[in-house]
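# Notes for the structure review
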Amino acid sequence: MTSLSPITATLGVALGGGIGAALRYNLGRAMTAWLGVPAVSTFPWPTLAANAIGSLVMGLLAGGLARGFADGHADPLRLILGVGLLGGFTTFSAFSLETWLLIERGQVSIALLYVLLSVSLSISALVFGLTITRVF
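Residues numbered from 1 in each chain as written. Predicted model: local features only at pLDDT ≥ 70, side-chain atom pairs only at ≥ 80, totals over all residues. Heavy atoms only, no water.

In this section: helix H3 (residues 45-66). Between its terminal C-alpha atoms H3 stretches 31 Å, which fits the 32 Å expected from 22 residues at 1.5 Å a residue. At the C-terminal side of H3, Gly68 shows a positive phi close to 85°. (Helix = DSSP H or I, 4+ residues; strand = E, 2+ residues; numbered from the N terminus. Expected span 1.5 Å × (residues − 1).)

Put into C-alpha cells, the structure is as follows:
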C-alpha cells in the first residue's frame, strides 16, 4: 500500500473534490437544459441523479478496490476518487435542504417521494456497482 503524506492526501482530496463539484454543477446545468426549469423547480431531478450516479460509481470503486484492482495504489485512489471526487459530486447536503424546503412549502408528499427515491435508488445503484465488480 502506498502511504501518502497528510499534505499530499489533502491535496488529492481537494483536487478530486473540485473536479467532483464541477461535474455536479454541470450535471445540474445539463439536466435543467434538458428537462426545463419548470420540471427542475418542481422536483430536484439533478440532485437525485447526482446521488444515484455517485452511489453507482462509489460501488464500482469500493468493489474494485476490495478486489485489489489497484494494488499499491488503493489509498490514493480511495482518497482522490472516493473522498474527493465523489464527495464533491454527490449532494446529500443539498438533498437535505431541498427536502426541507419541499416540506416548508407544504409539498410533503413530494418530499416523501423524493426521500424514498433518493435513498432507494442510491443504495440500489451502490449494490449494483458492487455486484458488477464481484461478478466480472
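The grouping of Leu15, Ile19 and Leu23 at the surface amounts to a nonpolar patch, some 280 Å² of accessible area in total. Secondary-structure assignment places Leu23 in helix H1 (residues 6-35). (Patch = residues over 30% accessible without salt bridge, like charges linked within 9 Å, V, L, I, M, F, W, Y side chains within 5 Å. Areas by Shrake-Rupley, 256 points an atom, 1.4 Å probe, with all protein chains shown as cover. Salt bridge = Lys/Arg side-chain N within 4 Å of Asp/Glu carboxyl O.)

Note on placement: Leu86 falls in helix H4 (residues 74-89). For Leu86 and Thr32, which are 54 residues apart along the polypeptide, the C-alpha to C-alpha distance reads 21 Å. The contacts of Leu86, once residues within four sequence positions are left out, are Gly54, Val57, Met58, Leu61 and Leu81. (Contact = heavy atoms within 4.5 Å.)

Of note, Gly20 is situated in helix H1. Spatially, the C-alpha atom of Gly20 lies 21 Å from that of Trp34, the residues being 14 residues apart in sequence. Residues contacting Gly20, with those up to four places away along its chain left out, are Leu85, Gly88 and Phe89.

As for its position among the elements, Ser118 is in helix H6 (residues 108-135). By relative accessible area, which is 0% here, Ser118 ends up buried. Polar side-chain contacts of Ser118 include one of 2.9 Å to the backbone oxygen of Tyr114. Setting aside residues up to four positions removed in sequence, Ser118 forms contacts with Leu48 and Phe95. (Buried < 20%, exposed > 50% of the residue type's maximum accessible area, 1.4 Å probe, protein only. Polar contact = N/O pair within 3.5 Å; in protein donor to acceptor, adjacent residues only side chain to side chain.)

Where two aromatic rings form a pair, the distance of their centres and the angle of their planes describe that pair. For the structure shown, the criterion picks out four aromatic pairs. Ring geometry for Phe43 versus Trp45: centroids 4.4 Å apart, planes at 45°, classification tilted. You can call Phe43 buried: its relative accessible area is 7%. Ring pairs connect the aromatic residues Phe43, Trp45, Phe92, Phe95 and Tyr114, which therefore count as one cluster. (Phe/Tyr/Trp six-rings, centres within 6.5 Å; stacked < 30°, edge-to-face > 60°.)

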